[in-house]
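Analysis of the macromolecular model
Chain residues, written in single-letter form:
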Amino acid sequence: MSRFLDERLQSLCAYTPGEQPQDKKYIKLNTNESPFPPSPKVIEAISAAEVADLRLYSDPSTKVLTAEIAKRFGVLPENIYTSNGSDDILNFTCMAFCGAKKGVAFPEISYGFYEVYAELYNLDCKKIPLNADFSINPSDYFGLGRTILIANPNAPTGMALPKSAIEEIVKNNPNDVVLVDEAYVDFGAESSVELVKKYKNVIVCHTMSKSRSLAGARLGYAIADAGLIEDLNKIKFSTNPYAINRLSSIAGIESMRDEEYFQNNCKKIIKIREKTINELEKLGFFTLPSCANFIFTKKIGVSGQLIYEKLREHGILVRHFTKPEICDYMRITIGSQSEMDSLVCELEKILGEVQ
Ligand SMILES: *Cc1c(COP(=O)(O)O)cnc(C)c1O
């Protein structure tokens, strides 16, 4: 740290991303990327001519991308905000709709970035405990007088609320913004996008990083009432209007145009997930019900940290968290079938060593 950093930021605890090791080849099941490449249409569209056009700025209004997303969800372009990864939407939501007085609320066990943004903007922050089974109790979020952030499905549990429960939360906070982070919704949860047509205080946030195999492109989008979208755009145009680069924009457009490829990949992941849960159950693992492209699982009597470390030694990366409530668990991304076969095989060996 230099002596120049603003005092307010000196104690800020930044987000720790999952490892992206560059040293050797791991089976990467730690950051919820897709095992499949993006749509062949994406790969085809990124031509040498498009690369040559990188000398030009991108379209700050992302007109074509916005139109494709709007069409996919049956809303108007004015209901769509596009961003450099959906993390930007969370960031801007905390910047725009919380403020010193209002503050923010989110589940105690959830996506780690919520806490970081709360700290970054010095927000009054209410963390709401989960039920004992790791589910979210919707009525805990009624009438809080705060901006609410809810990941649905939640991370790292993978458990989802039905749209009706999200609607109750939205309805019971008419004077506050409710952001529904649907990063994993395509893997079997019910989306709340329809609520956007009925309520002016809900933002549904999606990413192309997981179900559309575009983590490296950094693309996210929000669906909401036109007023909220205008507010988010105000911040984008006050920070970085060209936040979406030319090549990522093309990737997003082509991905949106290839619904079939997208749907197929989601189905494949769900199938591999269910098979993996079964295989792990045979080894004595307990897994929470997952609507995501990852599972949250533990072996009763064996430390999550130990299994994480042993897997790493065996060339498999998974995610382990040190919060006491969840330190027994590991979050494991659903990879290809052969990656999951390797995982199960290594776990079997590890259990033989440690038990
Ligand atoms: C991965 C993830 C995001 C962010 O994704 P981007 O890559 O920034 O689009 C947001 N919320 C949750 C819950 C996530 O797991």
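Every chain begins its residue count from 1, and numbering advances along the sequence as written. With pLDDT at 70 or above as the cut-off, local features in this predicted model cover only qualifying residues; side-chain atom pairs require 80 or more to be listed or tallied, and sums for whole chains, interfaces and linings still use all residues. Each side-chain value is worked out from all heavy atoms of the structure, with water and hydrogens disregarded.

What follows is about empty space enclosed by the protein. If a probe as big as a water molecule is rolled over the atoms, it shows which places are left empty. We place a 1 Å grid over just the protein atoms. Points where a 1.4 Å probe fits but has no way out form a cavity, open points with protein on both sides within 12 Å along at least 5 of 7 lines form a pocket, and any residue with an atom within 4 Å of a point lines it. Grid points are joined across faces, edges and corners, and a volume is the space filled by probe spheres set on the points. Tallying each qualifying case throughout the model produces 4 cavities of 30 Å³ or more. Each pocket or cavity is described by its volume, and for the largest cavity that value is around 60 Å³. Along its surface, the largest cavity is lined by Ser39, Ser211, Arg212, Ser213, Ser255, Asp258, Tyr261, Phe262 and Asn265. When residues in the lining of the largest cavity are grouped by element, the largest group, 3 residues, is from helix H11 (residues 259-282). Classifying every residue of the lining of the largest cavity gives 2 nonpolar, 5 polar and 2 charged. If you add up the space inside the second largest cavity, you get close to 40 Å³. Lining the second largest cavity are Arg72, Phe73, Asp186, His206, Thr207, Ser211, Arg212, Tyr221 and Phe262. Under the scheme used here, helices are H or I runs from DSSP no shorter than 4 residues and strands are E runs no shorter than 2 residues, and both carry numbers assigned from the N terminus. Ten residue types, Ala, Val, Leu, Ile, Met, Phe, Trp, Tyr, Cys and Pro, are classed as nonpolar, four, Asp, Glu, Lys and Arg, as charged, and the remainder, Gly among them, as polar.

It is worth spelling out helix H7 (residues 113-120) at this point. Considered for burial, the residues of H7 that qualify are Phe113, Tyr114, Val116, Tyr117 and Ala118. It only takes one pair of heavy atoms within 4.5 Å for two residues to be counted as in contact. Buried residues in H7 make contact with helix H5 (87-97), strand S3 (104-107), strand S4 (125-128), strand S5 (147-151) and strand S6 (178-181). Where H7 terminates, the next one or two residues include Asn122, which has phi positive at roughly 60°. With a 1.4 Å probe rolled over the protein chains alone, any residue whose accessible area is under 20% of its type maximum counts as buried; one over 50% counts as exposed, and the rest are partly exposed.

Quick look at the site of the ligand now. For each residue, the test is whether any non-hydrogen atom lies within 4 Å of the molecule or strand; if one does, the residue is near. Near the ligand, the surroundings consist of Gly85, Ser86, Asp87, Tyr111, Asp181, Ala183, Tyr184, Thr207, Ser209, Lys210 and Arg218. The definition of a polar contact used here is a pair of N or O atoms within 3.5 Å, where within protein one atom must be able to donate a hydrogen and the other to accept one, and adjacent residues in sequence count solely through side-chain atom pairs. Measuring from an oxygen atom of the ligand, one finds a side-chain N or O atom of Tyr184 at 2.5 Å. A distance of 2.6 Å separates an oxygen atom of the ligand from a polar atom in the side chain of Ser209. Against a free-state accessible area of 390 Å², the protein chains account for coverage of 93% of the ligand. Occupancy of a cavity or pocket is assigned to a molecule whenever over half of its atoms lie within 2 Å of that pocket's grid points. If you map the ligand onto the pockets, it falls in the largest pocket. Note on areas: Shrake-Rupley, 1.4 Å probe, and residue coverage restricted to the protein chains presented here.

Turning to the packing of aromatic side chains, a few remarks are in order. Only centres within 6.5 Å qualify two rings of Phe, Tyr or Trp (six-membered ring in Trp) as a pair; their planes then separate them into stacked at under 30 degrees, edge-to-face at over 60, and tilted for everything else. Tallied over the entire structure, the rule returns 11 aromatic pairs. Consider the rings of Phe113 and Tyr117, whose centres lie 4.6 Å apart with planes at 10°: the pair is stacked. Taken together, the residues span about one helical turn, with Phe113 and Tyr117 both in helix H7 at a distance of 4 residues. Classification of Tyr117 by relative accessible area gives buried; the value is 6%. Ring plane angle 85° and centroid distance 4.8 Å describe the contact between Tyr184 and Phe294, whose orientation is recorded as edge-to-face. In this pair, Tyr184 is assigned in the loop between S6 and strand S7 (202-207) and Phe294 in strand S10 (residues 294-299), connecting sequence segments 110 residues apart. Classification of Tyr184 by relative accessible area gives buried; the value is 7%. We classify Phe294 as buried; its relative accessible area is 0%. Taken together, the ring pairs connect Tyr15, Phe106, Tyr111, Phe113, Tyr114 and Tyr117 into an aromatic cluster.

On to the packing of H11 against helix H13 (residues 337-354). A fitted line through C-alpha atoms serves as each axis, taken over the contacting stretch for helices, and the angle formed by two N-to-C directions is quoted from 0 to 180°. At a minimum axis separation of 11 Å, H11 and H13 run at an interaxial angle of 10°. By the angle class used here, H11 and H13 are roughly parallel. Together, Ile272, Lys275, Thr276, Glu279 and Leu280 of H11 and Gln337, Met340, Leu343, Val344 and Leu347 of H13 make up the contact between the two elements. Here the contact of H11 with H13 is composed, by residue class, of 6 nonpolar, 2 polar and 2 charged. To sort the angles, those under 35 degrees are grouped as roughly parallel, those over 145 as roughly antiparallel, those from 65 to 115 as roughly perpendicular, and the leftovers as oblique.

Examined against the element boundaries, Glu346 turns out to sit in helix H13. Glu346 sits in the buried class, given a relative accessible area of 14%.

Attention shifts here to the environment of Tyr261. In this structure, Tyr261 sits in helix H11. Taking relative accessible area as the criterion, Tyr261 reaches 22% and is therefore assigned partly exposed. In sequence terms Tyr261 and Gln305 are 44 residues apart; their C-alpha atoms lie 37 Å from each other. Residues contacting Tyr261, with those up to four places away along its chain left out, are Phe36, Pro37, Pro38, Ser39 and Pro40.

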